[in-house]
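Secondary and tertiary structure notes
Residues per chain are reported as follows:
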Amino acid sequence: MKPTEQKLKAQLLMARHHKLTLNQLIALLTLYHSSIRTAELCKSLNLSPAAMTGIIDKLQALGFARRRRGRRDRRIIKVTITDQGRQLMESIQSPLGWS
């Protein structure tokens with residue numbers, strides 16, 4: 001098995017272990033590095049707003065992420081990682097070789 005295949009397999013197993021889809025895990029990794037607007041998260045993961053809503057809903061239900069409306073423009077929604085989500089990412093980053 002090639003190293004990239006092994007890494008993908010490890011990512012899938014890690015996602016399953018924490019009851020997350022691979023897209024949810026990748027979204028959480030993105031949020032680990034910075035808070036981001038929902039629209040930007042859609043673009044970075046190449047997903048539709050409808051798909052992203054489901055991903056964020058699941059991460060929020062698990063306590064890994066939260067939504068925050070903009071103070072000046074309440075139409076803007078920023079997604080941030082929670083302390084619980086940060087702890088999860090820190091516990092799985094080194095086995096997967098992420099930074």
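Here the structure is a predicted model, which is why all the values come from computation and not from measurement.

Scoring rules and cut-offs
Residues numbered from 1 in each chain as written. Predicted model: local features only at pLDDT ≥ 70, side-chain atom pairs only at ≥ 80, totals over all residues. Heavy atoms only, no water. Salt bridge = Lys/Arg side-chain N within 4 Å of Asp/Glu carboxyl O. Helix = DSSP H or I, 4+ residues; strand = E, 2+ residues; numbered from the N terminus. Core = buried A, V, L, I, M, F, W, Y, C linked by side-chain atoms within 4.5 Å. Buried < 20%, exposed > 50% of the residue type's maximum accessible area, 1.4 Å probe, protein only. Contact = heavy atoms within 4.5 Å. Pairing = 2+ DSSP bridges. pLDDT = per-residue confidence, 0-100. Axes fitted to C-alpha atoms, helices over the stretch in contact; angles between N-to-C directions. Parallel < 35°, antiparallel > 145°, perpendicular 65-115°, else oblique. Left-handed = near helix turned anticlockwise from the far one by under 90°.

Counting across every chain of the model gives two salt bridges. We note a salt bridge from arginine 67 to aspartate 57, for which the minimum N-O separation is 2.7 Å. Here aspartate 57 lies in helix H4 (residues 49-61) and arginine 67 lies in strand E2 (residues 65-69), a separation of ten residues in the sequence. The partner of aspartate 73 in a salt bridge is arginine 75, and the shortest N-O contact between them spans 2.8 Å.

Within soluble globular proteins, side chains that are nonpolar tend to cluster in buried spots. In this structure, Leu20, Leu28, Leu31, Leu41, Met52, Leu59 and Met89 are the most contacted members of the largest nonpolar core, which totals 24 residues. Of all the elements in the fold, those that place two or more residues in this core are helix H1 (3-17), helix H2 (22-33), helix H3 (38-45), H4, strand E3 (77-81) and helix H5 (83-96). With six residues, the single largest contributor to this core is H2. Leaving out residues up to four positions away in the same chain, leucine 31 has contacts with Ile36, Leu41, Ala65, Val79 and Ile81.

The strands making up a sheet associate through hydrogen bonds between their backbones, and the pairing can be parallel or antiparallel. Pairing within the open sheet is antiparallel, and its three strands lie in the order E1-E3-E2. The open sheet is flanked by strand E1 (36-37) and E2, the only strands paired with a single partner. Of the strand pairs in this sheet, E1 and E3 are connected by two bridges, and their pairing is antiparallel. Bridge pairing in E3 places arginine 37 opposite lysine 78.

Note on placement: threonine 82 falls in the loop between E3 and H5. Not counting the four nearest positions on each side in its chain, threonine 82 is found in contact with Gly63, Phe64, Ala65 and Arg66.

Even without a glycine there, the phi angle at lysine 19 is positive, about 60°. Mapped onto the secondary structure, lysine 19 falls in the loop between H1 and H2. The class of lysine 19 is exposed, set by a relative accessible area of 65%. One non-glycine residue, asparagine 46, lies in the positive phi region at around 55°. Along the polypeptide, asparagine 46 turns up in the loop between H3 and H4.

This part is about the confidence of the model for the protein. On average, residues of the protein score 87 in pLDDT, and 93% of them reach the 70 mark or higher. Model confidence for the protein, summarised as mean pLDDT per element, is weakest for H1 at 78 and strongest for H4 at 96.

Relative orientation of the contacting elements H2 and H3 amounts to 120°, with a least axis distance of 11 Å. The angle between H2 and H3 falls in the class oblique. As for the relative orientation of H2 and H3, their crossing is right-handed in sense. Contacts from Asn23, Ile26, Ala27, Thr30 and Leu31 in H2 reach Leu41, Ser44 and Leu45 in H3.

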